[in-house]
Amino acid sequence: MAKTSSRSFVARVFGGLVALLDGTRRLLLNVLLLLLVAAALVWIWQRWHTPRLADRTTLVLELSGAIVDQPRAGSAREQALAQLRGGSPSERRLRDVLAVLDAAARDEQVTQAVLLLDDLEGAGLVTLREVAAGIGRLRAAGKKVVAWGAMYDQRRYYLAAHADEVWLHPMGAVVIEGFGRYRSYYKEAFDRLGVSANVVRAGKYKNAAETFAANGPSPETVESDRALYGGLWSSWTGGVERARRLPPGSVMGYIDGLPGTLQAVGGDAARLAVQAKLVDALKTRDEMRKTLIERGAEDKKHKTFKQVSFGEYLARIDPDAGASPSASVGVVVAQGEIVDGRAGPGRIGGLSTAEQIRRAREADDVKAIVLRVNSPGGSAYGSELVRRELELTRAAGKPVVVSMGDLAASGGYWISMAADEVIADEATITGSIGVVGMIPSAEEALGKLGIRSAGTTTTWLAGAMDPKRTPDARLVATVQSAIDHVYGQFVGLVARERKLATAQVDAVAQGRVWSGNDALKHRLVDRLGTWSDAVAAAHKRAQFADGTVPRLRYFEPAPGRLQQVLKGFGLRDDVAARFEARLGALLGDDVPGSAGDASGAESAATAALTVGVGLGLLHPELAAALLTDLAWLGDVAARRQPFVTATHCLCAAP
């Protein structure tokens, strides 16, 4: 009796567990079904029920965060989450900004636009010039554009200057500083610590690792920097002075007149900006609102002007409207540092970016490829993987056009060579055709602590890259030979692709960086132009049939799994990302997405820990700069391979 009762109890428990599992399974399937139905409804709503804009609507271009060609890994979802939580995205895609400006230029309902730039945190000069050109197209369509800000730094003011009017808060200022930078030089500190960088390079201007091996810039670095920054500064001042219709030299006069001119107006920086004709009027935010109501249309319900935000307007745009689904120009974005293997968005993986190019080449609808480059370089091997895929693409009969953004230097130039046409902006930083390597050693530093390194090896090369030991002279000679070989390969490729004599290339190589203007003079690029010019060049080379309107098809790192499902219902990338983000917020931000690349993270963390205590007492920006430098050095040390070479300029757009 007892045994029967016990068995009955076990059976009931087991049956209950089975029922629970079955119910859970049904619940999860039902939830998934509901999510898919909801996604379909969102798609239908987006395509068919977007409310029409009111007449005389004002486009509010609040450009927050940084403007980039490709947001960093995970940032699409992070930005969507930030917007859902009431925040601002940390990065905006340049192509989205241009799409909004160009769509508004054609939209009869949009009669004016206001630029709000106080939260703009980053953009290179080429990016600013692209956006400024978009603002110019909006104005040319008869739309009035005004800019308002509480504080204009150099980036913000460049865009503001291209508006019809520039308004400034009465307590604000226009802060223009010029271009240039001060590097940190570590040799003396390393000497005191007993650390040696042992820099090996090819190219007398190749200064990527100079900061680790010297106490100040070399004459070649001074010469190169002076020419580069001078050219970029001329581009910036010329653009502002033409936009504001100021005499040449006005910007330099504004800077050189300080502090006397500011003292003359009692320290009132806003008044000085008006006096210098950098600003048209001083307005508080409510005065700005009142003026826009008078010029546009009043929204009585919300007691403001009728308006549409950047994000709302972007969601209305169909980038493929009127385009043929069977005729495309493939676009691959190569942004960030170049690494050997795979990398997420915002970095270039030798393998992953090459795969994107290969996918574009093998797509039947893609007739040409545009490679958008915005990179300081990195791994020579990773660069060659990308270049080779572009070479194969041309061999397959598909034209390749390179569009250089803010930066296409060293490895960034390497990947640009295998193209039918290379288009740069006058302010692009390019060149840096050189190679550098390092063999860090801390044997002396460890000796000061009483730590010694000893052991037995079967060859002199075993353990030769161990940073606990001073490099063997044979190792240094070996690395120098490898670097000289890669440099020769680099120069040879440039000579072949640019149809120049090797001696000509070597004369303008040597690791020197050039502005786009100078690169054109030295025949390192084919012509100067914009992103739109590169797309038009690809259209022309693809020889589409008359009347065909090709679409731009982007080949980028794969989205998260849920985004892929949502895209299967026809949702656009940004809508799918936002939907996934909302679900992530509800589920504790735990929805699986595409994994970012962790390459270099351990070495960066090691470098950070090494100096972290001291840096904690420093200014955050200084600490960040030092950590960036030392993380790169730590990454080199962590590789511990005697033949690793780097095509990196360690430079950034000003």
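Analysis parameters
- Residue indices begin from 1 for each chain and proceed along its sequence in written order.
- In keeping with the model being predicted, local features are shown solely for residues with a pLDDT of at least 70 and side-chain atom pairs are shown and tallied solely at 80 or more, while totals for entire chains, interfaces and linings include all residues.
- Based on all heavy atoms of the structure, the side-chain values leave hydrogens and waters out of the count.
- Only rings of Phe, Tyr and Trp enter the pairing, Trp through its six-membered ring, and a pair is recorded when the two centres are within 6.5 Å. The plane angle decides the type: under 30 degrees is stacked, over 60 is edge-to-face, the rest tilted.
- Secondary structure is summarised from DSSP: a helix means a run of H or I of at least four residues, a strand means a run of E of at least two, and numbering begins at the N terminus for each.
- Burial classes: relative accessible area under 20% of the type maximum marks a residue as buried, over 50% as exposed, and values in between as partly exposed (1.4 Å probe, protein chains only).
- The criterion is that NZ of a Lys, or CZ of an Arg, lies within 6 Å of the ring centre and within 35 degrees of the ring normal, and then a charge sits over that ring.
- In this analysis, strands are considered paired if DSSP registers two or more bridges between them.
- Any two residues whose heavy atoms approach within 4.5 Å at even a single point are treated as in contact.
- Structural elements are reduced to axes, namely lines fitted to C-alpha atoms, with helices fitted over the stretch in contact, and the angle between N-to-C directions of any two is expressed from 0 to 180 degrees.
- Salt bridge, as applied in this entry: a Lys or Arg side-chain nitrogen positioned within 4 Å of an Asp or Glu carboxyl oxygen.
- Here a helix's expected span is defined as the number of its residues, less one, multiplied by 1.5 Å.
- Throughout, nonpolar core names a set of buried Ala, Val, Leu, Ile, Met, Phe, Trp, Tyr and Cys residues whose side chains join them through atoms within 4.5 Å.
- We define a polar contact as two N or O atoms separated by no more than 3.5 Å, with the added condition that, inside protein, one atom must be a possible hydrogen donor and the other a possible acceptor, whereas residues neighbouring each other in sequence contribute only through side-chain atom pairs.
- What sets the label is the angle itself: under 35 degrees gives roughly parallel, over 145 gives roughly antiparallel, 65 to 115 gives roughly perpendicular, and the rest give oblique.
- Definitions for this section: a left-handed crossing has its near helix turned counterclockwise from the far helix by less than a right angle. A right-handed crossing has that turn clockwise.
- Gly counts as polar in this scheme, as do all residues outside two lists: the nonpolar Ala, Val, Leu, Ile, Met, Phe, Trp, Tyr, Cys and Pro, and the charged Asp, Glu, Lys and Arg.
- For every residue, the predictor assigns a confidence score, pLDDT, that lies between 0 and 100.

Attention shifts here to the packing of aromatic side chains. Two numbers describe a pair of aromatic rings. These are the distance of the centres and the angle of the planes. This model, assessed by the stated rule, comprises eight aromatic pairs. Ring centres 5.6 Å apart and planes at 75° place the aromatic pair Phe179 and Trp233 in the edge-to-face group. Of this pair, Phe179 sits in the loop between strand 7 (165-168) and helix 6 (187-193) while Trp233 is found in helix 8 (residues 219-243), placing the two residues 54 residues apart along the sequence. Classification of Trp233 by relative accessible area gives buried; the value is 14%. Three or more aromatic residues link up through ring pairs in this structure, and these residues are Tyr158, Phe179, Trp233 and Trp236. The ring of Tyr554 carries Arg95 above its face, with NZ or CZ at 3.6 Å from the centroid. The cationic tip of Lys283 hangs over the ring face of Trp167; the distance from NZ or CZ to the ring centre is 5.1 Å.

Let's shift gears to the sheet that holds strand 9 (residues 281-282). The strand order across the open sheet built from six strands is 9-7-6-4-1-12, with neighbouring strands paired in parallel fashion. Where the open sheet ends on each side, the last strands, each with one partner, are strand 9 and strand 12 (307-309). Two strands pair when backbone bridges link them, and strand 4 (residues 110-116) and strand 6 (residues 144-149) are joined in this way by five bridges, in the parallel orientation. Across the sheet, Gln112 pairs through a bridge with Lys144, a residue of strand 6. Contacting strand 4, strand 6, strand 7 and strand 9, helix 12 (residues 285-295) runs over the sheet at an angle of about 170° to strand 4.

What follows concerns the pattern of salt bridges. By the definition in use, this model includes 35 salt bridges. Between Arg137 and Asp102 there is a salt bridge, and its shortest N-O distance comes to 2.8 Å. Of this pair, Arg137 sits in helix 4 (residues 125-140) while Asp102 sits in helix 3 (residues 94-106), placing them 35 residues apart in sequence. Between Glu497 and Arg394 there is a salt bridge whose closest N-O contact spans 3.0 Å. Taken together, the residues Glu497 in helix 18 (residues 473-498) and Arg394 in helix 15 (residues 380-395) connect sequence positions 103 residues apart. According to the relative accessible area criterion, Glu497 is buried, its value standing at 15%. Of the residues examined, Arg394 reaches a relative accessible area of 29% and is grouped as partly exposed.

Time to look at helix 14 (residues 350-362). Between the first and last C-alpha of helix 14 there are 18 Å, a value that for 13 residues agrees with the 18 Å anticipated at 1.5 Å per step. Residues of helix 14 that are buried: Gly350, Ser352, Thr353, Ala354, Gln356, Ile357, Ala360 and Arg361. Among the structural elements, strand 13 (324-335), strand 14 (338-339), strand 15 (348-349), strand 16 (366-375) and helix 15 are those in contact with the buried residues of helix 14.

A word on the nonpolar core. Of all hydrophobic cores here, the largest spans 81 residues; its most connected members are Leu59, Tyr152, Tyr157, Val174, Ile176, Trp236 and Tyr313. Looking at this core element by element, the count peaks at eight residues for helix 3. What Val174 contacts, discounting residues up to four positions off in sequence, is Tyr152, Tyr157, Leu168, Tyr254, Ala273, Leu278 and Val279. With 52 residues, the next largest nonpolar core counts Val373, Met417, Phe490 and Val494 among its residues.

Between its terminal C-alpha atoms helix 15 stretches 22 Å, which fits the 22 Å expected from 16 residues at 1.5 Å a residue. Among the residues making up helix 15, those that are buried are Ala380, Gly382, Ser383, Val386, Arg387, Glu389, Leu390, Glu391 and Thr393. Where helix 15 starts, the residue carrying a side-chain oxygen 3.2 Å from the main-chain nitrogen of Tyr381 turns out to be Ser379. Just downstream of helix 15 lies Gly397, where phi reads positive at about 95°.

What follows is about the packing of helix 15 against helix 18. Where helix 15 contacts helix 18, the axes come no closer than 13 Å and their chain directions differ by 25°. When the axes of helix 15 and helix 18 are compared, the pair comes out roughly parallel. Crossing of helix 15 against helix 18: the hand is left-handed. Here helix 15 contributes Ala380, Glu384, Arg387, Glu391 and Arg394 to the contact with helix 18, which in turn contributes Val486, Leu493, Arg496 and Glu497. Its residues placed into classes, the contact of helix 15 with helix 18 shows three nonpolar, no polar and six charged.

To continue, consider the environment of Ser481. Here Ser481 shows up in helix 18. We classify Ser481 as partly exposed; its relative accessible area is 47%.

What follows concerns the pairing of strand 4. Taking burial as the measure, the seven residues of strand 4 include six buried ones, the bulk of the element. As paired strands, strand 1 (residues 57-62) and strand 4 are joined by six bridges and run parallel to one another. Residue pairing in the sheet places Thr58 in a bridge with Gln112 of strand 4.

Moving on: the packing of helix 14 against helix 15. Remark: helix 14 packs on helix 15, axes separated minimally by 8 Å, with the N-to-C direction vectors making an angle of 10°. Considering their axes alone, helix 14 and helix 15 lie roughly parallel with respect to each other. Contacts between helix 14 and helix 15 involve Gly350, Leu351, Thr353, Ala354, Ile357, Arg358 and Arg361 from the first element and Gly382, Leu385, Val386, Glu389, Leu390, Leu392 and Thr393 from the second.

Glancing now at the sheet that holds strand 5 (residues 120-122). Strand order in this open sheet of three strands is 3-2-5, and the pairing throughout is parallel. If you trace the sheet from one side to the other, it starts and ends with strand 3 (91-93) and strand 5, each paired once. Across the sheet, the mean angle from the axis of one strand to that of its neighbour is 40°, orientation sign disregarded. Two elements, strand 2 (residues 65-68) and strand 5, share two bridges in a ladder whose sense is parallel.

Next up on the list: the confidence of the model for the chain. Averaged over all residues, the pLDDT of the chain is 84; the fraction at 70 or higher stands at 78%. Every residue in residues 577-618 is under pLDDT 50, and counting partners more than four places away or in other chains gives 66 contacts.

This part covers the environment of Ser453. For Ser453, the location among the structural elements is in the loop between helix 17 (443-448) and helix 18. Distance in space between the C-alpha atoms of Ser453 and Glu443 is 7.9 Å, their sequence separation being 10 residues. Those residues within four positions of Ser453 in sequence are excluded, and the remaining contacts are Lys468 and Arg469.

Another point: the side chain of Thr353. Summarising the element assignment, Thr353 is placed in helix 14. With a relative accessible area of 2%, Thr353 lands in the buried category.

Moving on to the pairing of strand 1. A regular strand places its side chains on the two faces of the sheet in alternate fashion. Burial runs high along strand 1: five of the six residues are buried. Taken together, the three bridges between strand 1 and strand 12 define a ladder with parallel strand orientation. Looking across to strand 12, one finds that Leu59 is bridged to Val308.

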